[in-house]
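Okay, here's what each chain looks like letter by letter:
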Amino acid sequence: MRSFVSTHATEVSLLAVIMAICAVLSVTTANFFSLGNAFDLLNISSVNIIFAVGLLVVLIAGGIDISFAVAASVVQYGTAIALGWIGGVGWVSGLLIAGSLGILLGAVNAFLIHRFRVISIVATISTFNIYFGLLMFFTKGVSIYDLPDWLTDRVVLFEHEMPDGTWIEITLPVLVMVICVIATWVLITRTTTGRQLYAFGDNPEGARRFGINIGAMQFIAFGWLGLMAGIGGLIQAHYAQEVVPNALYGRELDVLAAVVLGGARLGGGKGSVLGCVLGVLLISITQNGLNLMGVSPFAFKMIIGAIILVAITLSNTSIERLLPFVSQKGASR
Amino acid sequence: MNAIVERVKTLLGPEMAGPGLAFLAVVLVFGLASPQFLSAATFGSVAFQLPELGLLTLAMLLPILTGGLNLAITFTANIAGLTLAWVLQANGGVDAGPGAFLLGSVLAILVGAASGVIMGLVIAFTRAHPILVSLSMMIFLRGLGEFLTRGGDVSGFPAFLGPLGHGSLLGVPIPLIVFIVCVFAWNLLLSRTKLGFNTYMIGSNLEATRYSGTNTRKVIVLVYALSGAMCAIAGIIMLARFNSVRIGHGESYLLITVLACFLGGVNPFGGFGRVIPVFVALVVLQLLSSGLNLVGANQHLATAVWGLLLAGVMVLRFVATKFKISFVRKET
C-alpha cells in the first residue's frame, strides 16, 4: 500500500481531492450524493474520457496533439455522410467507419511527424487548421440533424427506478467509454507495445538504439488517438443527436488540461489511465457540484481554471514537501 | 556589392528563407491569378487586418523563444480590453475624455502584465510546463470574462477611439502604425538588450544559463509579463476596431499566432527565431487570406491553406536540410 502511495502520488492525491470535494458537496447539497447524480456524471463525462485516454497514449509517447477534437468533428461529418450513402446499417458499421476515419486522420499526423521530422505540436497545429478550415469550408457551417435512427435513439443498458420515483440509467456512451478505457489500459500496461511506448516517450534516441521501431511507435500512438477521437466523435453525435461542425472546437485544450492534471507529463514517458480518468472526473465533479450549489454557470470556467492552476503549482512543488511522512517512509524502506 | 549582400544576409538571417520564399510565391501566384490582387485595396485591407493578429503573435513570440508557450493570449487581451472598457464607462461612457482613455490603457496594460506575472512566477518557481500553466490561465481568464460580462458585449465608447481602430495617418492605418512600433520595440528588445539575450539563452539551455549566473526566474517572469502587456495592447486595438469588447473576440487567433511564429522560422523548442521573419510570415498569411478572398474563397478555406502552408514549409525545411547534409558529405 505504501509503495502504491509513493509510486502513484498523483493518482492518490487526485483521489484525495475528489473525495474531499465529494464529501463537501454531499453535506452542502441535497442531490450530489445520489446514485442518479453519479450516473449522470458518468454519462456526461464519457466522451471526454474517451478523448482523454487517446490523448494519454500520445503524451506517453512524447508527443502532443492539438487536432484530435477537430478530427473528431471531421469524423462525425464523414461518418454521417457515409452512412447516408450506404443507408445506415447499425452500430457496428458506424463504429467501423468512424474508427477507420479517425485512424486515417491520426496517421496523417504520424506521417508528418515521422517522415518529415516535424515537431508534433507544429504538425498538429497545421493539421488542426487544415481539418477545421476544410470542414467549415465544405459544410459551410451547416449542421446535420438527419441522422439514422439507430444512431440517435438512446440506448439504455441498465435502468433502475429509485425509491423516490426517479430513474437512473447507464447509457451506451458509458459502455463504450469503459471498453475504451480498458483497451487503453491493456495496451499501455499489458503489452510489449505499451512498454515500448513508455520507453520511446522517455528517451526516443535510447529507444531507437534499443531496437524499437520509432515509426511504428508514432503511428501506433497517433493512430490510437485517432481511433479514440473517431469513436468519441460518433458517441458525441449519438449523445447530442446532431452533428455540428464546430461543436468540438476548443475541446482539445480542456481535455489536454484534464489529462495533464491526471499526471501525464508533457514530454513523455509518464502517465496512467487511472490518473487520466480521475483528472477528467475531477473537473466534471467540480462542475457538477458548482451547478448543484447554485453557482452561476458563468463562473464555472473561472473556478476550474483556478483549481487547475493551484493543482499544478502544488503538484510541482514536490509532493514530498507537502506530505513529509510519505517521503520519509519511502526513504527508510 | 558583396559587402552589401553579406550585410543584408546577416540582417535577415537564415530564418528569412522560408517566409521570404512564401511571400514571393504568394505575390506571384495571386498577382497572376487576379489582376486586382496587386492593388492598393488589397494592401489596404491587409494593413487593417494585420495588427490584431500581429500584436497577439508578438505576445506569443517571446514565450516561445524561451521554450514555452502562452495559450492565454487572446483572453488576456480581452480581459485587458474589458478593464479599459470599464474605466471608460465609469468616466461617462460615450462622453469619456482622453484622460480616462489614458488611465484605462495604463490599467489595461497593468492587468495584462499581471496575468503574465502570475504565469511567469508559477512557471519559473515550480517548473511546471508552460503549456499547462498558460492553459489553466486561459481557462481561468475565459471564465472570469464570461462571469463578469455574462458572455455579452460591452460597448459604448467615446468617438475619439474610432480613429485608433479605423483611422489613417498620412495614408497609413493607425493600428498598423501601433503594430509596427511594437515590432520595432520587440526587435530592439531581442537584439539589443540583456533581457533579449537572456531570453534566447534560456530557450537554448535553461540550466546552463542559470549556472552562468543569470537570474533565470526573473527573466522568465519578465518575459511573460511583457507578453501579457503586449496582449493588452492588442486588446486595446481590438476594442477600438470592433467598438466593443466580448470575451470571445479573436479566440480563433490563438493557434494561428503559433502557426505564424513557426512559419516565421521560430524554433518550437525555443532559443532561435527573430521578429522580422515572423512579421513577414504574418504578411504572407494575410495576403493569402486576401488573395483567396479575391478569387472567391472564404476565410475558412484560408485557414486550411494556412495550415497547408505551415506543413509545406516544415516539409520543405526537412528536405532542404537533408539535401544540404548529403551535399556536404559528398564534398568532404
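As the structure is a prediction and not an experimental result, all values here were calculated from the model.

Undergrad: If you had to explain the overall build of chain A to someone new, which residues and values would you point to?
TA: When helices and strands are counted, chain A shows 16 helices and 2 strands. Its C-alpha atoms give chain A a radius of gyration of 21 Å, near enough to 20 Å, the size a compact globule of 333 residues would have. With the C-alpha coordinates of chain A rotated into their principal frame, the extents come out at 65 × 65 × 35 Å. Of all intrachain contacts in chain A linking residues separated by at least 6 positions in sequence, the fraction that spans at least 24 positions is 75%. Accessible surface computed for chain A: about 14800 Å², of which carbon and sulfur atoms make up 65%. Positive and negative side-chain charges in chain A, numbering 16 and 16 respectively, have mean positions lying 20 Å apart.

Undergrad: Describe helix α12 (residues 251-261) of chain A, naming the residues involved and giving the relevant values.
TA: Residues and elements named next belong to chain A. For α12, the tally of buried residues reaches 9 of 11 residues, placing the bulk of the element in the interior. Residues of α12 that are buried: E252, L253, V255, L256, A257, A258, V259, V260 and L261. The first or second residue beyond α12 is G263, which carries a positive phi of 105°.

Undergrad: Give a description of the side chain of S46(A) that names residues and reports values.
TA: All names here are of chain A. With respect to the secondary-structure elements, S46 resides in helix α3 (residues 35-60). At 2.8 Å, the side chain of S46 forms a polar contact with the backbone oxygen of L42. Dropping the residues within four chain positions of it, S46 is found in contact with P173, V174 and M177.

Undergrad: An account of the interface of chain A and chain B is requested, with residue identities and associated values reported.
TA: The interface is formed by 39 residues belonging to chain A together with 45 residues belonging to chain B. Taken together, both faces of the contact between chain A and chain B bury some 3900 Å²; the carbon and sulfur share is 82%. Put simply, chain A and chain B have 1 residue pair in polar contact (both at pLDDT 80 or more) between them. Mapped by element, the contributors of at least two residues to the side of chain A that touches chain B are α5 (91-115), α6 (120-139), α12 and α14 (300-316) of chain A. It is α6(A) that provides the largest number of residues to the side of chain A that touches chain B, a total of 11 residues. Grouping the amino acids of the side of chain A that touches chain B by side-chain chemistry returns 27 nonpolar, 8 polar and 4 charged.

Undergrad: Just give me the short version of the packing of helix α2 (residues 9-28) of chain A against helix α13 (residues 273-292) of chain A, but keep the residues and values in it.
TA: Residue and element names in this part refer to chain A. Where α2 contacts α13, the two axes come as close as 10 Å, and the packing angle between them is 20°. As summarised for this structure, α2 and α13 are arranged roughly parallel, according to the angle between their axes. With respect to the hand of their crossing, α2 and α13 are arranged in left-handed fashion. Here E11, L14, L15, V17, I18, I21, C22 and L25 of α2 lie close against α13, whose contacting residues are L274, G275, L278, G279, L282, I285, T286 and G289.

Undergrad: Account for the packing of α12(A) against α13(A), naming residues and giving values.
TA: All names here are of chain A. Contact pair α12 / α13: the axes reach a minimum separation of 7 Å and the direction vectors enclose 120°. Relative to α13, α12 is oriented oblique. Classified by chirality, the crossing of α13 by α12 is right-handed. From α12, A258, V259 and L261 reach across to α13, where they touch C276, G279, V280, L282 and I283.

Undergrad: Any details on the confidence of the model for chain B? Residues and values, ideally.
TA: Residue and element names in this part refer to chain B. Confidence along chain B averages 83 in pLDDT terms, with 93% of residues attaining 70 or more. Across chain B, element-level confidence peaks in helix α11 (residues 216-242) with a mean pLDDT of 91 and bottoms out in helix α1 (residues 2-12) with 65. Scored by ipTM, the complex comes to 0.83, with pTM at 0.86.

Reading guide: rules and limits
- Residues numbered from 1 in each chain as written.
- Chains lettered and ligands numbered in written order.
- Predicted model: local features only at pLDDT ≥ 70, side-chain atom pairs only at ≥ 80, totals over all residues.
- Heavy atoms only, no water.
- Helix = DSSP H or I, 4+ residues; strand = E, 2+ residues; numbered from the N terminus.
- Rg over C-alpha atoms; globule rule 2.2 N^0.38 Å.
- Contact = heavy atoms within 4.5 Å.
- Areas by Shrake-Rupley, 256 points an atom, 1.4 Å probe, with all protein chains shown as cover.
- Lys, Arg positive; Asp, Glu negative; His and termini not counted.
- Charge placed at Lys NZ, Arg CZ, Asp CG, Glu CD.
- Buried < 20%, exposed > 50% of the residue type's maximum accessible area, 1.4 Å probe, protein only.
- Polar contact = N/O pair within 3.5 Å; in protein donor to acceptor, adjacent residues only side chain to side chain.
- Buried area = accessible area lost by both parts, 1.4 Å probe.
- Nonpolar A, V, L, I, M, F, W, Y, C, P; charged D, E, K, R; others polar.
- Axes fitted to C-alpha atoms, helices over the stretch in contact; angles between N-to-C directions.
- Parallel < 35°, antiparallel > 145°, perpendicular 65-115°, else oblique.
- Left-handed = near helix turned anticlockwise from the far one by under 90°.
- pLDDT = per-residue confidence, 0-100.

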